[in-house]
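Secondary and tertiary structure notes
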Amino acid sequence: MAFYLGASQMAQYEGSQQGVTWGSVHEGPFPLSASLAFLALDTLLYLALAYYLDAVLANGVGTARSPLFCLDALRRPRARAAA
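Residues numbered from 1 in each chain as written. Predicted model: local features only at pLDDT ≥ 70, side-chain atom pairs only at ≥ 80, totals over all residues. Heavy atoms only, no water.

Broken down by element type, the protein chain carries three helices and zero strands. Taken across its 83 residues, the protein chain has 18% of its residues classed as buried. Surface accessibility of the protein chain: about 7,000 Å² in total, with carbon and sulfur atoms responsible for 65%. (Helix = DSSP H or I, 4+ residues; strand = E, 2+ residues; numbered from the N terminus. Buried < 20%, exposed > 50% of the residue type's maximum accessible area, 1.4 Å probe, protein only. Areas by Shrake-Rupley, 256 points an atom, 1.4 Å probe, with all protein chains shown as cover.)

Below, the structure is given as structure tokens:
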């Protein structure tokens, strides 16, 4: 959705012979800078999802991890320091 909104806004600017500049990137009801920020956020989310699925799904090389492997740090009791 962010790509569609950003592309349509860029098309409107190009259609009016203005073009998108750094000065106009924050203009409008849904600015192009918001589209770029959402695209960056989407990229980070897809990278995290790809890392998780790569670790969990068996692919023939190595062993698949538990689906809750990211919670291992919370489940393990911490060693207490000797007083």
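Alright, that's what it looks like, and here's the rest.
A word on unusual backbone geometry. With the exception of glycine, the majority of residues adopt a negative phi angle, and the majority of peptide bonds are in the trans configuration. Positive phi values are uncommon outside glycine, yet Gln-17 reaches one of about 65°. When you line up the elements, Gln-17 lands in the loop between helix H1 (2–15) and helix H2 (32–56).

Take the confidence of the model for the protein chain next. Per-residue confidence for the protein chain gives a mean pLDDT of 80, with 89% of residues at or over 70. Between the elements of the protein chain, mean pLDDT differs from a low of 71, seen in helix H3 (residues 72–75), to a high of 89, seen in H2. (pLDDT = per-residue confidence, 0-100.)

Right, let's get into a nonpolar patch on the surface. Where nonpolar side chains cluster on the molecular surface, the patch consists of Tyr-46, Leu-49, Leu-53 and Leu-57 and spans about 420 Å² of accessible area. Take Leu-49: it is sitting in helix H2. Judged by its relative accessible area of 43%, Leu-49 falls in the partly exposed class. (Patch = residues over 30% accessible without salt bridge, like charges linked within 9 Å, V, L, I, M, F, W, Y side chains within 5 Å. Salt bridge = Lys/Arg side-chain N within 4 Å of Asp/Glu carboxyl O.)

What follows covers H1. For an α-helix, 3.6 residues make a turn, and residues three or four places apart therefore share a direction. The terminal C-alpha atoms of H1, which comprises 14 residues, lie 20 Å apart, in line with the 20 Å expected from a rise of 1.5 Å per residue. What H1 keeps buried is the set Ala-2, Gly-6, Gln-9 and Tyr-13. Down the axis, H1 shows its buried residues gathered within 65° of arc, on one side only. Exposed and facing more than 90 degrees away from the buried side of H1 are Phe-3, Tyr-4, Gln-12, Glu-14 and Gly-15. (Expected span 1.5 Å × (residues − 1). Arc of directions from axis to C-beta.)

This paragraph deals with the environment of Gln-9. With respect to the helices and strands, the residue Gln-9 is situated in helix H1. Taking the C-alpha atoms as reference, Gln-9 lies 8.8 Å from Gly-28; in sequence the two are 19 residues apart. Those residues in contact with Gln-9 that lie beyond four places of it in its chain are Glu-27, Gly-28, Phe-30, Pro-31 and Leu-32. (Contact = heavy atoms within 4.5 Å.)

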